[in-house]
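Structural features, examined
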Amino acid sequence: DDNDNNNAKENNFTPRILAFVFPQFHEDPINNYLWGKGFTDWDNLKKAPDENRLGYNIPRPTELGYYDLTYTEPRRLQGELANQYGID
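Below or above, wherever it landed, is the structure these notes cover. Along each chain, the written sequence defines residue order, and numbers are assigned to residues from 1. In keeping with the predicted nature of the model, local features appear solely for residues at pLDDT of at least 70, side-chain atom pairs appear and are counted solely at 80 or more, and the whole-chain, interface and lining totals rest on all residues. Side-chain figures throughout are based on the complete set of non-hydrogen atoms in the structure, without hydrogens or water.

This part is about the pattern of salt bridges. Just to be clear on terms, a salt bridge is a Lys or Arg side-chain nitrogen sitting within 4 Å of an Asp or Glu carboxyl oxygen. As enumerated under the stated definition, the model contains four salt bridges in all. With its nearest N and O atoms 2.6 Å apart, the salt bridge here joins Glu27 to Lys37. Linking Glu27 in the loop between α1 (2–10) and α2 (29–35) with Lys37 in the loop between α2 and α3 (41–47), this pair joins segments that are 10 residues apart in sequence. The rule is simple: take the accessible area with a 1.4 Å probe, protein chains only, and divide by the maximum for that residue type; under 20% is buried, over 50% is exposed, in between is partly exposed. By relative accessible area, which is 33% here, Glu27 ends up partly exposed. If you follow the salt bridges from partner to partner, you end up with Glu73, Arg76 and Glu80 in one network. We count a stretch as a helix when DSSP gives it H or I for four or more residues in a row; a strand needs E for two or more, and each element gets its number in order from the N terminus.

Now the structure itself:
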């Protein structure tokens, strides 16, 4: 309503930018059961063609490579990258 809009303007409201992490980039018991020991979604990405059927490149990992989220180092590095780009 109008009061919410006015309060946001008066408080100099700034929206936050948040990152959501897709968590299947690590070995998981459910994936092991359903897809076989050691499966992660990286396996699907590695098998994917360079382009999708519309001709657009499928992005590949850059700075962090094919990381494993069971280790803390990739998560720490993800946080640092997010901060560099203004993501909360």
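This part takes up helix α4 (residues 72–84). Helix span is expected to be 1.5 Å times the residue number reduced by one. A rise of 1.5 Å per residue sets the reference length of α4, with its 13 residues, at 18 Å; its end C-alpha atoms lie 19 Å apart and thus fit the reference within 8%. Within the sequence span of α4, burial applies to Pro74, Gln78 and Ala82. Taken end-on, α4 shows its buried residues confined to a sector of 80°, consistent with a single buried face. Opposite the packed face of α4, turned more than 90 degrees from it, sit the exposed residues Thr72, Asn83 and Gln84. Trailing α4 by a residue or two, Gly86 shows a phi angle of about 75°, which is positive. This arc describes the spread of directions from the helix axis toward the C-beta atoms.

Geometric values such as these leave the question of function open.
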